[in-house]
Amino acid sequence: MKLLQGTQALQYQNWDTMPAILKGEQFKLVYLAPNGRRWDLLGPQAGRQGVQLSTGVHGLHHLSFEHLFTESAYQEGATYERTNIGKRVIDVGIMVGSATRQLSKYQYQMVESNWWDSWPLGVCGWLGMHSRFGGWRWVQVMQAGPVNTTVSKSPVYADNNHVLWSMQLVAPTPYFAKRTLVTTWTAHPQTQGLLGYDEETITICNRGDVAVWPKFIYNGPGRAWVQDGATDRMVQLPLLDAADGYVLVDTDPGQRMLTASTDPVDNIFYEWVRSSRVLDFFLHDIADLGLPVWRRTNGIRFNSQIPPRTTANIKVRHDHPGGTVSVLVPQRWSRPL
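Source: prediction; values computed, not measured.

**Observations regarding the overall build of the protein**
Within the protein, the secondary structure is distributed over seven helices and 18 strands. Here the protein has a C-alpha radius of gyration of 27 Å; the compact-globule value for 337 residues is 20 Å, and the former is much larger. Seen along its three principal axes, the alpha-carbon backbone of the protein occupies a region of about 85 × 60 × 55 Å. Across the 337 residues of the protein, 38% fall into the buried class. Here the contacts in the protein between residues at least 6 apart in sequence split such that 68% fall between residues at least 24 apart. Looking at the protein as shown, the accessible area adds up to about 19800 Å², and 53% of this sits on carbon and sulfur atoms. When the 31 basic and 28 acidic side-chain charges of the protein are each reduced to a single mean position, those positions are 9 Å apart.

**Some points on the pattern of salt bridges**
Within the structure shown, the criterion is met by seven salt bridges. The partner of Arg48 in a salt bridge is Asp40, and the shortest N-O contact between them spans 3.1 Å. A residue is classified by how much of its surface remains accessible, and Asp40, at 4% relative accessible area, is buried. Linking Asp209 and Arg335 is a salt bridge whose minimum nitrogen-to-oxygen distance equals 3.7 Å.

**Regarding a nonpolar patch on the surface**
Judged by side-chain polarity, Tyr12, Ile21 and Leu22 come together as a nonpolar surface patch covering roughly 310 Å² of accessible area. Within the secondary structure layout, Leu22 lies in helix α2 (residues 20-23).

Criteria and thresholds
Residues numbered from 1 in each chain as written. Predicted model: local features only at pLDDT ≥ 70, side-chain atom pairs only at ≥ 80, totals over all residues. Heavy atoms only, no water. Helix = DSSP H or I, 4+ residues; strand = E, 2+ residues; numbered from the N terminus. Rg over C-alpha atoms; globule rule 2.2 N^0.38 Å. Buried < 20%, exposed > 50% of the residue type's maximum accessible area, 1.4 Å probe, protein only. Contact = heavy atoms within 4.5 Å. Areas by Shrake-Rupley, 256 points an atom, 1.4 Å probe, with all protein chains shown as cover. Lys, Arg positive; Asp, Glu negative; His and termini not counted. Charge placed at Lys NZ, Arg CZ, Asp CG, Glu CD. Salt bridge = Lys/Arg side-chain N within 4 Å of Asp/Glu carboxyl O. Patch = residues over 30% accessible without salt bridge, like charges linked within 9 Å, V, L, I, M, F, W, Y side chains within 5 Å.

Function cannot be inferred from these measures alone, as they are strictly geometric.
Spelled out as structure tokens, the structure:
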């Protein structure tokens, strides 16, 4: 530790004279590979591992979307129906070695090998961008297609030891994200004993600029109720026993709604037994085995999302003392900054 005195100490007390690296005002772009490697592509540490951006980036900042309209023969104009959000496609120029980060011939070959090892086909890594305004935001990316860049016959000729690649990345889920916010509540035995249930209103935020479907985790034995997003409607969840363990409730209609930690595999044998009325008469106990929690939904539906940049008050209820309900709100952004 160094003791700073006089004008040297004042340098760190004034924003204008503070070192740039402490201000953190520069944008940073980092790639975290599936094999655990980190690559600093933009910012104060750009090229630290031998690779950095060579040109501008296309497709990183804005979502790809398509408006859908219906038009009839005698209609003036068109009728707007909906907007589809597509995958995010990012075009990026990559430079292995540079004048500012010079590599030897051996270093160049090692860096080149490590870089491509960090892009296994069909496996997503994480691309993160940092700004002082928004902090870190992350999106999962993989190679969108083969790299067809034309390069010189020998990148190490005349000690150049560098090469430029034009890569195209794809993010199947186009939103940038931060850590999901989670709040857990436990039913109090005394309240449950008086009313037959206990309930609580959980205050939790959607800080992103995208509306999100909340998720819940509850346990058995007993039954839980959760609020349907921003509405006042309470949704009754399936009754659990102790053997069901914890159950994830995903209110997104595009995802599996109920997943239990102890769900059995719903194989063809159980499907066949349940479909046979004769066997059900003789082997009704077997037909009950292997029944995943999601088959107990009985028409459960969720209709409401949490709007962007909104503080939500989500009511939860459990009818068993010590029963827990957790509320999870993903944090998603349409832009990295």
